[in-house]
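Residue-level listing of the chains:
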Amino acid sequence: MVWILLALLANGIISFAYTVSTTPETTNLWAMLATTFVFYLGITQTGIIFSAFMRIAKSEWGKLFSRIGEILTLSFIPVAFATFIIIHLGGTEHLFYWAKPALDAAHGGHEATGAAHHISPWLTKDLFLWRTIISMALFYFFSYLYFSNARVEEKGHPGINLESRLNVLASIVMFFYVMTNTNTAWDFGMMIIQHWESTIFPPYYWVGNVFAGVSFLFIFGAWALKKYVRINLRNEKETLDYMGLMLMGFTLLWVYMLWSQHIVIWYGDIPALTAPVVKTMTGNYSLAFFIMLFALFIIPFIALLYRKVKLSLTALTAVAYLICIGVWINRYLMVMPVFSDGSAYTFISWTGIALILGGLSAMLISFFAFLKLFPNVSITTYAEKHGDH
């Protein structure tokens, strides 16, 4: 399996590098890389947030997945920083109108005067680099502190009560999750469109990340628990029921955020704000938008009304897969319509598919590498209930 993942990762890297170096117009390729980046970054960063949620809520069933979520977050650190640096070095001027040496008339700018023109001091390449690096570094630093203290608690050192400290760290991790994801939402969702703004967009983006992250954690966690500690979730009906209820909750929260994001812009009816949103729902992107709506609301909402679905590992996994696909489409619609009219289906090109599979491979390889480097880290903190594994 590892060799297949390595081959998919290599194919993604080589395909992207070759296509970018041989194609005259590469903006769509960089947009596809940005889509892949924000999707997998959101999924992996949500892993430890699930653990923090479960700790503050004092949830016992969540302990089955919490450690897997923590590892997903921490193991992805090298990939997260490396991919962002690649985008910054090679793709900034393709993705961000404000990063070009001089704004041209098509973007409402001015003729070149020998110095770069920027709409705001916030919109500079250097600040883009450092605000992203620093915000991610703070999130990952406190995530590591949370993880390391949870490991100490797990070992049960006498005389050390870490519950209060871990609750505080969980809150801090959630704060920096919001901060770094707000920064990502601004840069890759709002700052790629000139004069477009939305106060609700960052929360809309966070909720999508948590929705997809929890869904992926359930899919991958079910496999990992069975492989590493021989826990078959088919026999854990209570856990399946709770997970089904959580996914239903996020389904309703996501559609509420979708409504909040769109109704305010629609009601304001300011062309500079409505035009980018309308483009994601019409023309060549209309089919993708309606597939997203079915994948993230209509099908999950109807399916999760039935207890039989929530208690079936197969059915619940199918719903979780659908949610992950839906959030990927949402990220695609967040980035790609800015640069393309949708007539060229970049995501079904060889390079597009290679990037999607390469990103998935990078995430899984990072997870397996973490377990190899740190063999003493248990895959779950809740195996005692099922015996000594």
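Residues numbered from 1 in each chain as written. Predicted model: local features only at pLDDT ≥ 70, side-chain atom pairs only at ≥ 80, totals over all residues. Heavy atoms only, no water.

### Considering the pattern of salt bridges
Put simply, the test is: What counts as a salt bridge is simple: a side-chain nitrogen of Lys or Arg found within 4 Å of a carboxyl oxygen of Asp or Glu. Buried residues are those whose accessible area, probed at 1.4 Å on protein chains only, stays under 20% of the maximum for their type, while exposed residues exceed 50% and partly exposed ones sit between those limits.
Counted under the stated rule, the structure contains seven salt bridges. Put simply, lysine 63 and glutamate 60 hold a salt bridge, and the shortest N to O gap is 3.4 Å. Looking at lysine 63, the relative accessible area reads 32%, which means it is partly exposed. Owing to a relative accessible area of 41%, glutamate 60 belongs among the partly exposed residues under this scheme.

### Side note on unusual backbone geometry
Convention followed: Runs of H or I in DSSP of at least four residues are treated as helices and runs of E of at least two as strands, each being numbered from the N terminus.
Despite not being glycine, lysine 58 shows a phi value in the positive range, around 55°. Within the secondary structure, lysine 58 sits in the loop between helix H2 (27–56) and helix H3 (63–75). With phi around 65°, histidine 195 is a residue other than glycine that occupies positive phi space. Judged by its relative accessible area of 54%, histidine 195 is exposed.

### Examining the layout of surface pockets
Inclusion rule: Method remark: on a 1 Å grid restricted to protein atoms, a set of points is classed as a cavity if a 1.4 Å probe fits but cannot get out and as a pocket if it is open with protein on both sides within 12 Å along at least five of seven lines; lining residues have an atom within 4 Å of a point. Grid points are joined across faces, edges and corners, and a volume is the space filled by probe spheres set on the points. Residue classes follow a fixed rule: Ala, Val, Leu, Ile, Met, Phe, Trp, Tyr, Cys and Pro count as nonpolar, while Asp, Glu, Lys and Arg count as charged, and any other residue, Gly among them, counts as polar.
Each pocket or cavity is described by its volume, and for the largest pocket that value is around 550 Å³. Secondary-structure elements contributing two or more residues to the lining of the largest pocket are H2, helix H7 (201–228), helix H12 (313–335) and helix H13 (350–373). Residue classes in the lining of the largest pocket are distributed as 19 nonpolar, no polar and no charged.

### Remarks on the packing of H7 against H12
Selection rule: Only the stretch in contact is used when a helix axis is fitted, and all axes are lines through C-alpha atoms; the angle between N-to-C directions ranges over 0 to 180 degrees. Definitions for this section: a left-handed crossing has its near helix turned counterclockwise from the far helix by less than a right angle. A right-handed crossing has that turn clockwise. Two residues qualify as a contact provided that any one of their heavy atoms is within 4.5 Å of a heavy atom in the partner residue.
Two elements in contact, H7 and H12, have axes whose closest approach is 9 Å; the angle formed by their N-to-C orientations is 145°. Relative to H12, H7 is oriented so that their crossing is left-handed. Along the contact surface, H7 presents Phe201, Tyr204, Tyr205, Gly208, Asn209, Phe211, Ala212, Ser215, Phe216, Phe218, Ile219 and Ala222, while H12 presents Leu313, Leu316, Thr317, Ala320, Tyr321, Ile323, Cys324, Val327, Asn330, Arg331 and Met334. Along the lines of polarity and charge, the residues of the contact of H7 with H12 split into 17 nonpolar, five polar and one charged.

### Regarding empty space enclosed by the protein
One pass over the full model with this rule turns up one cavity of 30 Å³ or more. Considered as a void within the structure, the largest cavity measures approximately 30 Å³ in volume. Every residue along the wall of the largest cavity is listed here: Phe37, Leu41, Thr132, Asn183, Thr184, Asp187 and Phe188. Looking at the lining of the largest cavity element by element, the count peaks at four residues for helix H6 (residues 163–190). Broken down by class, the residue content of the lining of the largest cavity amounts to three nonpolar, three polar and one charged.

### What to know about the packing of aromatic side chains
Operational definition: Ring pairs shown here join Phe, Tyr and Trp side chains whose ring centres sit within 6.5 Å, with only the six-membered ring taken for Trp; geometry is labelled stacked below 30 degrees between planes, edge-to-face above 60, and tilted in between. Two conditions define a charge located above a ring, namely a distance within 6 Å from the ring centre to NZ of Lys or CZ of Arg, and an angle within 35 degrees of the ring normal.
For the structure on display, the rule yields 37 aromatic pairs. Ring geometry for phenylalanine 289 against phenylalanine 290: centres 5.6 Å apart, planes inclined by 85°, an arrangement best described as edge-to-face. Cluster of aromatic residues (ring-pair linked, three or more members): Phe37, Phe84, Phe96, Trp98, Phe128 and Phe188. Over the aromatic face of tyrosine 228 sits the side chain of lysine 227, whose NZ or CZ is 5.8 Å from the ring centroid.

### Here's the deal with the environment of histidine 88
Our working definition: Each polar contact in these results corresponds to two N or O atoms within 3.5 Å; when the atoms are within protein, one needs to be able to donate a hydrogen and the other to accept it, and residues that are neighboring in sequence are counted only if both atoms are side-chain atoms.
Within the element layout of this structure, histidine 88 appears in helix H4 (residues 77–95). Along the primary structure histidine 88 and alanine 185 are separated by 97 residues, whereas in three dimensions their C-alpha atoms are 16 Å apart. Ignoring anything within four residues of it in the chain, the contact list for histidine 88 reads Lys125, Phe128 and Leu129. In terms of polar contacts, histidine 88 uses its side chain to reach the backbone carbonyl oxygen of lysine 125, at 3.1 Å.

### Structural notes on helix H1 (residues 2–22)
So the rule is basically this: Given a helix with a known number of residues, its expected span is that number minus one, times 1.5 Å. For this quantity, the arc is that covered by the directions from the helix axis to the C-beta atoms.
Taking 1.5 Å of rise per residue, 21 residues should cover 30 Å, and H1 covers 30 Å from first to last C-alpha, within 8% of that figure. Residues of H1 that are buried: Leu5, Gly12, Ser15, Phe16 and Thr19. Looking straight down H1, one finds its buried side chains confined to an arc of 95°; they lie on one side. Of the residues in H1, the exposed ones pointing more than 90 degrees away from the buried face are Trp3, Ile13, Ile14, Tyr18 and Ser21. As for H1, its buried residues are in contact with H2 and H13.

### Regarding a nonpolar patch on the surface
To keep things clear, this is the line we draw: Each patch is built from residues lacking any salt bridge and having more than 30% relative accessible area; the joining distance is 9 Å for like charges and 5 Å for nonpolar side chains (Val, Leu, Ile, Met, Phe, Trp, Tyr). Surface accessibility follows the Shrake-Rupley procedure with a 1.4 Å probe radius. Residue values consider only the protein chains on display as shielding.
The grouping of Tyr345, Ile348, Ile353 and Leu357 at the surface amounts to a nonpolar patch, some 370 Å² of accessible area in total. Within the secondary structure layout, isoleucine 348 lies in the loop between H12 and H13. On the accessibility criterion, isoleucine 348 (53% relative accessible area) is exposed.

### Some details on H12
Quick reminder: α-helices carry 3.6 residues per turn. Residues three or four places apart thus point the same way. Between its terminal C-alpha atoms H12 stretches 33 Å, which fits the 33 Å expected from 23 residues at 1.5 Å a residue. Of all 23 residues making up H12, 17 are buried, and the element is well covered by its neighbours.

### Considerations on the confidence of the model for the protein
In plain terms, the rule: You can read pLDDT as the predictor saying how much it trusts each residue, on a scale of 0 to 100.
Put simply, the protein has an average pLDDT of 89, and 92% of its residues get 70 or more. Confidence drops under pLDDT 50 across residues 104–118; counting only partners more than four residues distant or on other chains, this segment forms 18 contacts.

### Concerning the packing of helix H8 (residues 237–268) against helix H10 (residues 286–303)
Spelled out, the test is: Angles are sorted into four bins: roughly parallel if under 35 degrees, roughly antiparallel if over 145, roughly perpendicular if 65 to 115, and oblique for all others.
Packing of H8 against H10 brings their axes to within 9 Å, and their N-to-C directions diverge by 135°. Judged on the interaxial angle alone, H10 and H8 are oblique. In this structure, H8 crosses over H10, and the sense of that crossing is left-handed. Residue-level contacts link Met248, Thr251, Leu252, Trp254, Val255 and Leu258 of H8 to Met292, Leu293, Leu296, Phe297, Pro300 and Phe301 of H10. Of the residues belonging to the contact of H8 with H10, the class tally is eleven nonpolar, one polar and no charged.

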